[in-house]
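# An overview of the molecular structure
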Amino acid sequence: DEYGIVYFILSPILFLLFSDFIIYWVHRFLHHRLFYKYIHKPHHSFVHTTPFAAFAFHPLDGYMQGVAYHIFVYFIPFHTFMHLASLAIVGLWTINIHDRVDMGIPLINGAGHHRVHHLTFNHNYGQYFVICDW
């Protein structure tokens, strides 16, 4: 590989940071009063999160929040295997943040943070981290 093993190992971290930043802003946008009722409200019909809520969303909501995962490869080189593995992990993570089992890891948007998001609607918009909420 032309970028080397260190880049291969570190590239998923870039993927997480990039996609979390984009999703944070897309998610905030979806909470705007002009769009929330029509696009994002079906997901928040699960006030108390469950793994089923992870994939209960309007198709446009899913598309908008999924774009970050796919445009990443246009900006930053990413090995095909690592991209596919990262997408699989994204699916598992999405279930994880809705399953009410919180690990309590600082700066990580775990199930506890995401549950608060579903209850209050005004913070914890990121997919993986709570850094953008500071």
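What you see is a predicted model; the values in this text were computed from it and never measured.

## Points about the overall build of the chain
A count of helices and strands for the chain gives five helices and zero strands. Shown N-terminal to C-terminal, the secondary structure of the chain runs as helices and strands in the order α-α-α-α-α. Its C-alpha atoms give the chain a radius of gyration of 15 Å, near enough to 14 Å, the size a compact globule of 134 residues would have. Each of the 134 residues in the chain was classed as buried or not, and the buried ones make up 36%. The long-range fraction of contacts in the chain, counting pairs at least 24 apart against all pairs at least 6 apart in sequence, stands at 58%. Of the roughly 8,000 Å² of accessible surface on the chain, a fraction of 72% belongs to carbon and sulfur atoms.

## What to know about helix H3 (residues 59-75)
Relative to the 24 Å expected for 17 residues at 1.5 Å per residue, H3 spans 25 Å between its end C-alpha atoms, a close match to the ideal helical length. Largest kink in H3: about 35°, centred on Gly66. Residues of H3 that are buried: Asp61, Gln65, Gly66, Ala68, Tyr69 and Phe72. For H3, the secondary structure elements touched by its buried residues are helix H1 (4-30), helix H2 (36-44) and helix H4 (80-96).

## A look at unusual backbone geometry
Even without glycine at this site, Phe121 takes up a positive phi of about 70°. With respect to the secondary-structure elements, Phe121 resides in the segment after helix H5 (111-120). For Asn124, which is not a glycine, the phi torsion comes out positive at approximately 65°. Within the fold, Asn124 resides in the segment after H5.

## So, the layout of surface pockets
In this structure, the largest pocket occupies an estimated 370 Å³ of space. Those elements that provide at least two residues to the lining of the largest pocket are H2, H3 and H4. When its residues are assigned to classes, the lining of the largest pocket shows eight nonpolar, 13 polar and one charged. Estimates place the volume of the second largest pocket at around 190 Å³.

Conventions and cut-offs
Residues numbered from 1 in each chain as written. Predicted model: local features only at pLDDT ≥ 70, side-chain atom pairs only at ≥ 80, totals over all residues. Heavy atoms only, no water. Helix = DSSP H or I, 4+ residues; strand = E, 2+ residues; numbered from the N terminus. Rg over C-alpha atoms; globule rule 2.2 N^0.38 Å. Buried < 20%, exposed > 50% of the residue type's maximum accessible area, 1.4 Å probe, protein only. Contact = heavy atoms within 4.5 Å. Areas by Shrake-Rupley, 256 points an atom, 1.4 Å probe, with all protein chains shown as cover. Expected span 1.5 Å × (residues − 1). Bend = angle between axes of the 7 residues up to and from the residue. 1 Å grid on protein atoms, 1.4 Å probe; cavity = no way out; pocket = protein on both sides within 12 Å on 5 of 7 lines; lining within 4 Å. Points joined across faces, edges and corners; volume = space filled by probe spheres on them. Nonpolar A, V, L, I, M, F, W, Y, C, P; charged D, E, K, R; others polar.

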